[in-house]
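An overview of the molecular structure
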Amino acid sequence: MAEQIHHPLESDEKHVEEVRKTIREARAVLELPLPDTFLGRQTHAPFPSEHDDDAQDGQRRKPA
């Protein structure tokens, strides 16, 4: 059987380069760190309580 010879067209070369560019861009995006979803992350420290060091979320305990 005769061997088929393939001569790529100029348009094929442009298409292949465009695909390679897209792959490079996709790899760059995939190498970025995962986006922050804010779940479980504290964006600020709670205000310190003047009277009670164990107060949480700004709520003070009632004096006994």
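Structure: see above.
Bear in mind the structure is a predicted one, so any value in this text is a computation, not a measurement.

**A word on the overall build of the chain**
- For the chain, the helix and strand inventory stands at 1 helix and 0 strands.
- The proportion of buried residues among the 64 residues of the chain is 3%.

**Some details on the pattern of salt bridges**
- Evaluation of the coordinates by the stated rule reveals 2 salt bridges.
- With a closest N to O distance of 3.7 Å, K14 and E10 form a salt bridge. In this pair, K14 and E10 are both assigned in helix α1 (residues 10-30), 4 residues apart and thus about one turn of the helix distant.
- For E10, a relative accessible area of 60% corresponds to the exposed category.

Cut-off values and rules
Residues numbered from 1 in each chain as written. Predicted model: local features only at pLDDT ≥ 70, side-chain atom pairs only at ≥ 80, totals over all residues. Heavy atoms only, no water. Helix = DSSP H or I, 4+ residues; strand = E, 2+ residues; numbered from the N terminus. Buried < 20%, exposed > 50% of the residue type's maximum accessible area, 1.4 Å probe, protein only. Salt bridge = Lys/Arg side-chain N within 4 Å of Asp/Glu carboxyl O.

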